[in-house]
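# Structure assessment
As a plain string of letters, each chain reads:
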Amino acid sequence: MAIAKRSLVSNAVNEEARVLEGQTTDYDPLLKLIHEARFCLLGEATHGTHEFYRERAEITKRLIKEKGFTAIAVEADWPDAFR
């Protein structure tokens, strides 16, 4: 049973995963999925990496500019959040 569930999850991830190529269009599919949502939650599975923070900042900028989001709440270590 556990192997079947793992396979199901792996297949779902493989179908939905997108390669980031450093292009401004990398997050277009994500922004399309957000559509006109009032809330957008960004999970953090790689806490503390500069790569994650850089990408999260790019997504956040687009959410503000293109989707009209006006408030951001983050879960972060204080020194990182302060910077």
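Criteria and thresholds
Residues numbered from 1 in each chain as written. Predicted model: local features only at pLDDT ≥ 70, side-chain atom pairs only at ≥ 80, totals over all residues. Heavy atoms only, no water. Core = buried A, V, L, I, M, F, W, Y, C linked by side-chain atoms within 4.5 Å. Buried < 20%, exposed > 50% of the residue type's maximum accessible area, 1.4 Å probe, protein only. Helix = DSSP H or I, 4+ residues; strand = E, 2+ residues; numbered from the N terminus. Contact = heavy atoms within 4.5 Å. Expected span 1.5 Å × (residues − 1). Salt bridge = Lys/Arg side-chain N within 4 Å of Asp/Glu carboxyl O.

With that settled, consider the nonpolar core. Counting residues in hydrophobic clusters, the biggest one holds 6 residues: Tyr27, Leu31, Ile34, Ile59, Leu63 and Phe69. Elements with a contribution of two residues or more to this core: helix 2 (28–34) and helix 3 (50–67). Discounting residues that sit within four places of it in the chain, Ile34 has contacts with Cys40, Leu63 and Phe69.

Another point: helix 3. For helix 3, which comprises 18 residues, the first-to-last C-alpha distance of 25 Å matches the rise-based estimate of 26 Å (1.5 Å per residue) to within 8%. Regarding helix 3, the residues found buried are Phe52, Tyr53, Arg56, Ile59, Thr60, Arg62 and Leu63. One or two steps after helix 3, the chain reaches Gly68, where phi turns positive at roughly 75°.

Close approach of charged atoms allows side chains with opposite charge to pair. In total, this model carries 4 salt bridges according to the counting rule given. Between Arg62 and Asp28 there is a salt bridge; the shortest N-O distance is 2.6 Å. Taken together, the positions of Arg62 in helix 3 and Asp28 in helix 2 put the pair 34 residues apart, joining distant regions of the chain. Under the relative-accessibility criterion, Arg62 is labelled buried at 14%.

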